Structures are given as C-alpha cells and as structure tokens.
Amino acid sequence: MLGLNSGNKCPQMPEGFVLLRSELVSVRKINSLLSRCNQDTHQPRKLELALKKSDFYLTLLEKTSDNLVGFVRVTSDKGLNANLWDLAAEPGDQQETYMSIMVFKAIEIIRRELPGCSISVAAPLISIDPLKANGFLLDPNGIKTMGVRL
C-alpha cells in the first residue's frame, strides 16, 4: 500500500507524446499494455464498466502512431479517499518517466477536484521509484493492505 506524502514537480513530457484525460481508448489497447507490463488484464466488459465508473483516467499516447504507452485510472468516494488503479507504462528506458508523468498529473487533478482525499495506489513493483519520486510513502504509518484474487 502506498500513501501520498507530498508532491514534486512534473517530469518533462517527452517530445511526440500527449497525455489525455478520459478520452476513449480501446480496452484491447489497455489490456495489451497491462499484459506487456506483466500485470493482470481484465475482461473487456468489466474494464469498460470500470472506465465508465471511474472518476477519470489518463492515457499517454505516442502522437504519430497513437500507441498507448501509459495508463492509470482513478476512483474516489468523493470525500475521504482517491485510488489509482491499473498504473502501467510501456516497458523500456522511458517507463519510469511515463509513470511519473501520469502519477503527477493524476495527483494534480485529485488535489484540485477532490480536495481532502487521501490518495493511495495498489501498484506493481516497477512503479515504486516513480511513486516515491511523486511523494508516496510505502506503508504509511504501518498501514498494510491485503487483496484477494477472485
């Protein structure tokens, strides 16, 4: 479990990329990215429903090819908690940069639109450094979380 402490400045957006908020993206592209990142994929109908019920999601696209290189979605109870889900970035040299950009922007939106919410994220190990760089603490105040696979 990662909890937010304080933020940093946004990493530089690489040239030729664009970060979009809640723009339609195919669930096939999202699942493909999750798969390339060795993360669990989702049944298309469930993922479509999750996107509809999310407060927002961010997609990082390569402008020339429209390739999805980053994704994160955010849910909130609009009072106390905001959660980042399915954080993924194309494996390679820029993976940490892509993750940092998405996490920074998600935090910026949450702070502006959902003030007062604590922010948490269930994340793959590869995202630990970018999350820490954006102010997250591993297991803040000894808080641990558990999950169950259905």
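The structure under discussion appears in the preceding block.
Now for a look at the structure at hand.

Thresholds applied
Residues numbered from 1 in each chain as written. Predicted model: local features only at pLDDT ≥ 70, side-chain atom pairs only at ≥ 80, totals over all residues. Heavy atoms only, no water. Helix = DSSP H or I, 4+ residues; strand = E, 2+ residues; numbered from the N terminus. Buried < 20%, exposed > 50% of the residue type's maximum accessible area, 1.4 Å probe, protein only. Contact = heavy atoms within 4.5 Å. Areas by Shrake-Rupley, 256 points an atom, 1.4 Å probe, with all protein chains shown as cover. Core = buried A, V, L, I, M, F, W, Y, C linked by side-chain atoms within 4.5 Å. Polar contact = N/O pair within 3.5 Å; in protein donor to acceptor, adjacent residues only side chain to side chain. Salt bridge = Lys/Arg side-chain N within 4 Å of Asp/Glu carboxyl O. Pairing = 2+ DSSP bridges.

With that settled, consider the overall build of the chain. The helix and strand tally for the chain stands at 4 helices and 7 strands. Listed by position from the N terminus, the elements making up the chain come as β-β-α-α-β-β-β-α-β-α-β. Among the 150 residues that make up the chain, the fraction classed as buried is 42%. Taking the contacts inside the chain whose residues are at least 6 apart along the sequence as the reference set, 68% of them involve residues at least 24 apart. A total accessible area of about 8,800 Å² is found for the chain, and carbon and sulfur atoms account for 51% of it.

If you look at the biggest cluster of nonpolar residues, it comprises 24 residues, and the most contacted ones within it are Phe56, Leu84, Leu87 and Ile110. The leading source of residues in this core is helix 3 (residues 95-113), at 8 residues. Aside from chain neighbours lying at most four places away, what touches Leu87 is Gln39, Phe71, Val72, Met99, Met102, Val103, Pro124, Ser127 and Leu131.

Let us now look at the side chain of Ser76. Structurally, Ser76 is set in strand 4 (residues 68-76). Of note is the side chain of Ser76, whose polar atom sits 2.8 Å from the backbone nitrogen of Lys78.

Our focus in this paragraph is the pattern of salt bridges. Taken as a whole, this structure holds 7 salt bridges when the rule is applied. Between Glu108 and Lys105 there is a salt bridge whose closest N-O contact spans 2.7 Å. Separated by 3 residues within a single helix, Glu108 and Lys105 lie in helix 3, roughly one turn from each other. A residue is classified by how much of its surface remains accessible, and Glu108, at 32% relative accessible area, is partly exposed.

Here we come to the pairing of strand 4. Judged by how many residues are buried, strand 4 sits mostly within the fold: 9 of 9 residues are covered. Sheet topology places strand 3 (residues 56-62) next to strand 4; 6 bridges connect them, and they run antiparallel. Note on strand 4: the bridge partner recorded for Tyr57 is Arg73. Counted along the chain from strand 3 to the antiparallel partner strand 4, the turn is 5 residues long, and its residue Asp66 has a positive phi close to 65°. Where strand 4 meets strand 5 (residues 81-89), 6 bridges bridge the pair, whose relative direction is antiparallel. Within strand 5, the position partnered with Thr75 by the bridge is Asn83.

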